[in-house]
Amino acid sequence: MAFRLKGVVTKAYGGFYYVSVGGETLQCTLRGVLKHRKVDVRVGDLVTVMRSSGGAVVEEVFPRKNVLVRPPVANVDRVIMVFAVKDPDPSLMLLDRFLIQSWHEAVKPVICFNKRDLLPDGEIDFIEAYALAGYTVLQTCTVNGLGIQGLRELLLEGITVFAGPSGVGKSSLLNAVQPGLSLKTGEIGQKIKRGKHTTRHVELILLESGGLVADTPGFSSLHLPEIKKEDLCFHYPEMERFIGNCRFTGCLHRVEPNCAVKEAVSVGKIDSGRYGRYLEILNELLERERG
Ligand code: GDP
Ligand code: ZN
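In this text the structure is predicted, and so the values were computed from the model without any measurement.

## A look at the overall build of the protein chain
Check the secondary structure of the protein chain and you find nine helices and eleven strands. Counting over 291 residues, the protein chain shows a buried share of 45%. In the structure as shown, the protein chain presents an accessible area of about 14,800 Å², 51% of it carried by carbon and sulfur atoms. The protein chain carries 37 positive and 33 negative side-chain charges, and their two centres are separated by 7 Å.

## Focus on the site of ligand 1
The environment of ligand 1 is formed by 16 residues, the closest being Thr142, Gly167, Lys170, Ser171 and Ser172. Side-chain polar atom of Asp117 to a nitrogen atom of ligand 1: 2.8 Å apart, as the coordinates give it. Within the contact set of ligand 1, an oxygen atom lies 3.0 Å away from a backbone nitrogen or oxygen of Gly169. Look at ligand 1: alone it shows 580 Å² of surface, and the protein chains cover 70% of it. No other element matches helix α5 (residues 170-177), which puts three residues into the shell around ligand 1.

## Side note on the coordination of the zinc ion (ligand 2)
Coordination of the zinc ion (ligand 2) by the protein comes from Cys246 (SG), Cys251 (SG), His253 (ND1) and Cys259 (SG), over a distance range of 2.0 to 2.4 Å. Written as a sequence motif, the donor residues of the zinc ion (ligand 2) are C-x4-C-x1-H-x5-C.

## What to know about the state of the cysteines
For the structure shown, the criterion picks out zero disulfides. Unpaired in terms of disulfides, Cys112 finds its nearest cysteine sulfur in Cys141, a separation of 11 Å. Taking relative accessible area as the criterion, Cys112 reaches 0% and is therefore assigned buried.

## Describing the pattern of salt bridges
Considering all chains together, one arrives at 15 salt bridges under this definition. Ionic pairing is found between Asp40 and Arg42, a salt bridge with its closest N-O pair at 3.4 Å. Across the salt bridge formed by Arg277 and Asp96, the nearest N and O atoms sit 2.6 Å from each other. Note that Arg277 is positioned in helix α9 (residues 272-290) and Asp96 in helix α2 (residues 92-104), a separation of 181 residues in sequence. Given the relative accessible area of 0%, Asp96 is considered buried. Counted as one network, the salt bridges with shared partners bring together Asp40, Arg42, Asp45 and Arg64.

## Description of the nonpolar core
One finds Val73, Val79, Met81, Leu95, Phe113, Tyr130 and Leu204 to be the most contacted residues of the largest nonpolar core, which totals 31 residues. Going through the elements one at a time, β6 (78-84), α2, β7 (109-114), α3 (125-133), β9 (159-163) and β11 (212-214) are the ones with two or more residues in this core. If we ignore the near neighbours within four places in the chain, the residues touching Leu95 are Met81, Phe83, Ile111, Phe113 and Tyr130. Ranked by size, the runner-up nonpolar core spans 25 residues in total, among them Ile100, Leu232, Cys259 and Ile270.

## Describing the domain arrangement of the protein chain
One can read the domain layout of the protein chain as domain 1 (3-61), domain 2 (78-215) and domain 3 (229-290). Here domain 1 and domain 2 have C-alpha centroids that lie 29 Å from each other. The interface of domain 1 with domain 2 comprises ten residues on the first partner and seven residues on the second. When the two sides are added together, the surface that domain 1 and domain 2 hide from each other amounts to roughly 620 Å², 72% of it contributed by carbon and sulfur. The three residues of domain 1 that bury the most area against domain 2 are Thr10, Lys11 and Val43, which together make up 50% of that side's buried surface. On inspection of domain 1 and its partner domain 2, the count reaches one residue pair in polar contact (both at pLDDT 80 or more). The biggest single contributor to the side of domain 1 that touches domain 2 is strand β1 (residues 3-13), with six residues. Within the side of domain 1 that touches domain 2, the residues separate by chemical class into five nonpolar, four polar and one charged.

What counts, and at which threshold
- Residues numbered from 1 in each chain as written.
- Chains lettered and ligands numbered in written order.
- Predicted model: local features only at pLDDT ≥ 70, side-chain atom pairs only at ≥ 80, totals over all residues.
- Heavy atoms only, no water.
- Helix = DSSP H or I, 4+ residues; strand = E, 2+ residues; numbered from the N terminus.
- Buried < 20%, exposed > 50% of the residue type's maximum accessible area, 1.4 Å probe, protein only.
- Areas by Shrake-Rupley, 256 points an atom, 1.4 Å probe, with all protein chains shown as cover.
- Lys, Arg positive; Asp, Glu negative; His and termini not counted.
- Charge placed at Lys NZ, Arg CZ, Asp CG, Glu CD.
- Near = heavy atom within 4 Å.
- Polar contact = N/O pair within 3.5 Å; in protein donor to acceptor, adjacent residues only side chain to side chain.
- Donors = N, O, S within 2.8 Å, 3.2 Å for Na, K, Ca; no water.
- Disulfide = S-S within 2.5 Å.
- Salt bridge = Lys/Arg side-chain N within 4 Å of Asp/Glu carboxyl O.
- Core = buried A, V, L, I, M, F, W, Y, C linked by side-chain atoms within 4.5 Å.
- Contact = heavy atoms within 4.5 Å.
- Domains from an automatic or database assignment.
- Buried area = accessible area lost by both parts, 1.4 Å probe.
- Nonpolar A, V, L, I, M, F, W, Y, C, P; charged D, E, K, R; others polar.

Written out as structure tokens, the structure reads:
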């Protein structure tokens, strides 16, 4: 008897593909015709597996909804961008670039401000700015458990990648969600910095809840994607509803008169910090265009 099953590739190693099917992991080979066509099977791919007494074979790879470059994972449902509110201080510029990149890669971003215990309640304006912009924002603390249940609920289904600088608490968060789990963090970034050969194996860990989490954090090196200068604003959800009211089509929301975005900034409907960083990134794109 042979059974055809649907599952998710959680690891590719040594010529085998490990496929999670209903809580079980099957070690599979790739069907000859797929190998022949050089079909690229990634961690995160949804596949059908033919299971028989002779073993398990990946027969078909379904089209992907997206694919991340780093870590190389397909069909990512969300990237949780973790920053500490302090120690290390958050780079909001880096966060904004992550957000632009996730938009570009068609992955839903979730922002997680960790180490919330280190910040007084009166200093959370920068956190509120992201919620105001329309993003999903979590505030967590692995010391007192704040926000951990909310994080756990986010991970119930689908594929999640954690991203963020080292030292912000990514491993601690994952361990708080499910004790015993951890991420390969800092170490990998350092190897890349030293320019050593680094194997880029990534594995999806099956959580008790059924969700899958990548064991390697994302976005360790960041390059601004190719974006046309007039398209940058569409990467900012808080600007979207104002853009149509600017006097000029193709308005860059910089020096143009009767700009609805600048007006929204001046009355506090758009966070001025986010807008300031938008201008910096815009300048970078302008310089790139000039060559
Ligand atoms: P990673 O490099 O992003 O995986 O960060 P780690 O999980 O290794 O955490 C870095 C440091 O921050 C460790 O010393 C943790 O104990 C500490 N840490 C993690 N979460 C919190 C938190 O919510 N509050 C505080 N005060 N420290 C934290
Ligand atoms: Zn404008």
